[in-house]
Amino acid sequence: DGGITQSPKYLFRKEGQNVTLSCEQNLNHDAMYWYRQDPGQGLRLIYYSQIVNDFQKGDIAEGYSVSREKKESFPLTVTSAQKNPTAFYLCASSTYRGHGAEAFFGQGTRLTVV
Amino acid sequence: ELKVEQNPLFLSMQEGKNYTIYCNYSTTSDRLYWYRQDPGKSLESLFVLLSNGAVKQEGRLMASLDTKARLSTLHITAAVHDLSATYFCAVDIEGTGGGADGLTFGKGTHLIIQP
């Protein structure tokens, strides 16, 4: 079945540690996104990528990094520079705007700092 | 900077009643999306509204878009308990050079429907 797979579902990070969240899609979508959700809040855009080997900062990119080496994959690294990383992270993908840019979401990764 | 405001942020209602959730946004856009989120889960797409005057219905939910007023509504008819969830609207503004450059979300409306 086509869809977006995020892993792991739960992730624990120690202070000062980098961690990488995986996002894979088999929908043949060009655009991929990472959002962060804090309790009781909406989603905020971290990074997005419209095409392989290119990505753009969203509203809250500080302390995060991404890569887009393959169309299917858009991993997010939460670095030690991110001072408050505990949140629910959602990956999404969509076609280009001209063909309808409805975004489909993965099941999310819940990251906790211990 | 695009701002998206939903109201109410919290709504408790009884089964069988009707109610409307409002979504206002600050910048010209012709693309608005409604999503549902159950506790601890991801977002499920409900409606995609792509033009002024667009109206879409699915079961007890109906969404509409007025781009001139920069307003979308999500109307619930004869609510049932299964509709309890958090509902988000999201707006897609025109990016330069085409392509999808991400959505701006409202804070969500936490809806509880009581028997």
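Shown above is the structure to which this text applies.
Keep in mind that what you see is a predicted model, and the values were worked out from it rather than measured.

I'd like to hear about the overall build of chain A, residue by residue, with values.
Helix and strand counts for chain A stand at zero helices and 11 strands. In sequence order, chain A lays out its α and β elements as β-β-β-β-β-β-β-β-β-β-β. Here the C-alpha radius of gyration of chain A, 13 Å, is about what a compact globule of 114 residues would show, namely 13 Å. Taken over the C-alpha atoms alone, chain A extends approximately 40 × 25 × 25 Å along its principal axes. Evaluated residue by residue, chain A yields a buried proportion of 48% over its 114 residues. When the accessible surface of chain A is summed, it comes to about 5,600 Å², and 47% of that surface belongs to carbon and sulfur atoms.

So, the layout of surface pockets: which residues are in play, and what are the values?
Estimated volume of the largest pocket: approximately 560 Å³. Lining the largest pocket we find 24 residues, and of these Asp59(A), Glu1(B), Leu2(B), Thr104(B) and Phe105(B) sit closest to its centre. Mapped by element, the contributors of at least two residues to the lining of the largest pocket are β5 (43–51) of chain A together with β10 (104–105) of chain B. For the lining of the largest pocket, a count of residues per class yields 10 nonpolar, six polar and eight charged.

A description of the state of the cysteines should follow, citing residues and the corresponding values.
Residues and elements named next belong to chain B. On inspection of all chains with the given rule, the structure shows two disulfides over all chains. Across a sulfur-sulfur distance of 2.0 Å, cysteine 23 and cysteine 89 are joined as a disulfide pair. Looking along the S-S bond of the cysteine 23-cysteine 89 disulfide, the torsion reads about 80°, which is the right-handed sense. Of the two residues, cysteine 23 sits in strand β3 (residues 19–25) while cysteine 89 sits in strand β9 (residues 85–91), which places them 66 residues apart along the sequence. The burial state of cysteine 23 is the same as that of cysteine 89; both residues are buried.

Can you break down the interface of chain B and chain A residue by residue, with the values?
At the interface, 24 residues of chain B touch 25 residues of chain A. Both sides together, the interface formed by chain B and chain A hides about 1,900 Å², and carbon and sulfur atoms give 51% of it. Between the two partners, chain B and chain A, sit zero salt bridges. At the boundary of chain B and chain A, one finds five residue pairs in polar contact (both at pLDDT 80 or more).

So what about the pattern of salt bridges? Which residues, and what values?
Residue and element names in this part refer to chain A. In total, this model carries four salt bridges over all chains according to the counting rule given. Close ionic contact of arginine 36 with aspartate 38 constitutes a salt bridge, the shortest N to O distance being 3.0 Å. According to the relative accessible area criterion, arginine 36 is buried, its value standing at 5%. A salt bridge links aspartate 38 to arginine 44; the nearest nitrogen and oxygen atoms lie 2.8 Å apart.

Hey, could you go over the sheet that holds strand β1 (residues 4–7) of chain B for me, with residue numbers and the actual values?
Residue and element names in this part refer to chain B. The five strands are arranged β1-β3-β8-β7-β6 in an open sheet whose pairing can be described as antiparallel. One side of each edge strand has no neighbouring strand; the edge strands of this open sheet are β1 and β6 (55–58). Along the sheet, successive strands turn relative to each other by an average axial angle of 15°, direction set aside. Pairing geometry for β6 and strand β7 (residues 61–66), over four bridges, is antiparallel. Paired with lysine 56 across the two strands is alanine 63, which belongs to β7.

Thresholds applied
Residues numbered from 1 in each chain as written. Chains lettered and ligands numbered in written order. Predicted model: local features only at pLDDT ≥ 70, side-chain atom pairs only at ≥ 80, totals over all residues. Heavy atoms only, no water. Helix = DSSP H or I, 4+ residues; strand = E, 2+ residues; numbered from the N terminus. Rg over C-alpha atoms; globule rule 2.2 N^0.38 Å. Buried < 20%, exposed > 50% of the residue type's maximum accessible area, 1.4 Å probe, protein only. Areas by Shrake-Rupley, 256 points an atom, 1.4 Å probe, with all protein chains shown as cover. 1 Å grid on protein atoms, 1.4 Å probe; cavity = no way out; pocket = protein on both sides within 12 Å on 5 of 7 lines; lining within 4 Å. Points joined across faces, edges and corners; volume = space filled by probe spheres on them. Nonpolar A, V, L, I, M, F, W, Y, C, P; charged D, E, K, R; others polar. Disulfide = S-S within 2.5 Å. Contact = heavy atoms within 4.5 Å. Buried area = accessible area lost by both parts, 1.4 Å probe. Salt bridge = Lys/Arg side-chain N within 4 Å of Asp/Glu carboxyl O. Polar contact = N/O pair within 3.5 Å; in protein donor to acceptor, adjacent residues only side chain to side chain. Pairing = 2+ DSSP bridges. Axes fitted to C-alpha atoms, helices over the stretch in contact; angles between N-to-C directions.

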